[in-house]
Amino acid sequence: MKRSSSRRALLFGRHGLMGLVTLLLLVAGVWASWDTAHHVVLAQGREHGTLTVTECGEDTCTGRYTPDATSPARSGLAVERSVAAERGDRFPVVVKPGTDEVVRTGTAGFLHAWLPLGGALLLASLVVGGGLRMTRTAWTLAGVGAVLMAGTFVAL
């Protein structure tokens with residue numbers, strides 16, 4: 001039995017729409033991650049040091065900043081509060097240019113910065129598996145997203 005042209009057009013439209021939704025999810029994940037990740041990925045030439053958390057508020061944690069050999073001394077720096085930042089914790093940071101904010105670096109900071117992409121990969125896997133019927137690709141996307149999220153949990 002031959003498929004009608006309208007059925008083929010509907011199938012093509014569905015695949016196109018699901019592809020666009022998948023692309024939108026992945027671009028949104030990269031966009032949300034890049035705001036923090038570019039400070040970690042492109043950290044060369046920025047101020048580096050170690051932050052010792054002394055106080056945590058609702059949104060940020062502040063602490064004593066110890067610069068490395070090439071960075072100037074600063075005070076009043078804040079890092080975005082996360083479940084992994086508690087009073088007394090020490091971790092390597094890079095200062096966001098032109099601000100008093102720092103971003104965690106190293107493996108834990110790298111993974112934490114890309115956490116929104118991990119969530120987007122998990123959501124995109126549902127669209128790819130259910131809407132596009134590409135189960136292997138969906139499982140791959142879900143696996144990468146889950147590994148990224150679990151790696152972040154373990155590293156922090």
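Look a little higher up for the structure.
Section: the sheet that holds strand β2 (residues 60-67)
Judged by pairing direction, the barrel is mixed, and its five strands sit side by side in the order β1-β2-β3-β5-β4 before closing back on the first. For this sheet the average axis-to-axis angle between neighbouring strands, irrespective of direction, equals 50°. As paired strands, strand β3 (residues 77-80) and strand β5 (residues 101-104) are joined by two bridges and run parallel to one another. Bridged to V79 within β5 is V102.

Here we look at the packing of aromatic side chains
All chains considered together, the criterion is met by two aromatic pairs. A connected cluster of aromatic rings, assembled from ring pairs, spans W34, F110 and W114. Directly above the aromatic system of F91 lies the positively charged group of R104, at a separation of 4.4 Å from the ring centroid.

Brief notes about the pairing of strand β1 (residues 48-56)
Bridge count between β1 and strand β4 (residues 90-95): five bridges; the pairing is antiparallel. Within the sheet, the bridge partner assigned to H48 lies in β4 and is V94. Linking β1 to β2, which pair antiparallel, is a turn of three residues.

Examining the pairing of β3
Alignment of β2 against β3, held across four bridges, turns out to be antiparallel. Its bridge partner being in β3, G63 is matched across the sheet by L77.

Each value, and the rule that gives it
- Residues numbered from 1 in each chain as written.
- Predicted model: local features only at pLDDT ≥ 70, side-chain atom pairs only at ≥ 80, totals over all residues.
- Heavy atoms only, no water.
- Pairing = 2+ DSSP bridges.
- Helix = DSSP H or I, 4+ residues; strand = E, 2+ residues; numbered from the N terminus.
- Axes fitted to C-alpha atoms, helices over the stretch in contact; angles between N-to-C directions.
- Phe/Tyr/Trp six-rings, centres within 6.5 Å; stacked < 30°, edge-to-face > 60°.
- Lys NZ or Arg CZ within 6 Å of the ring centre and 35° of its normal.

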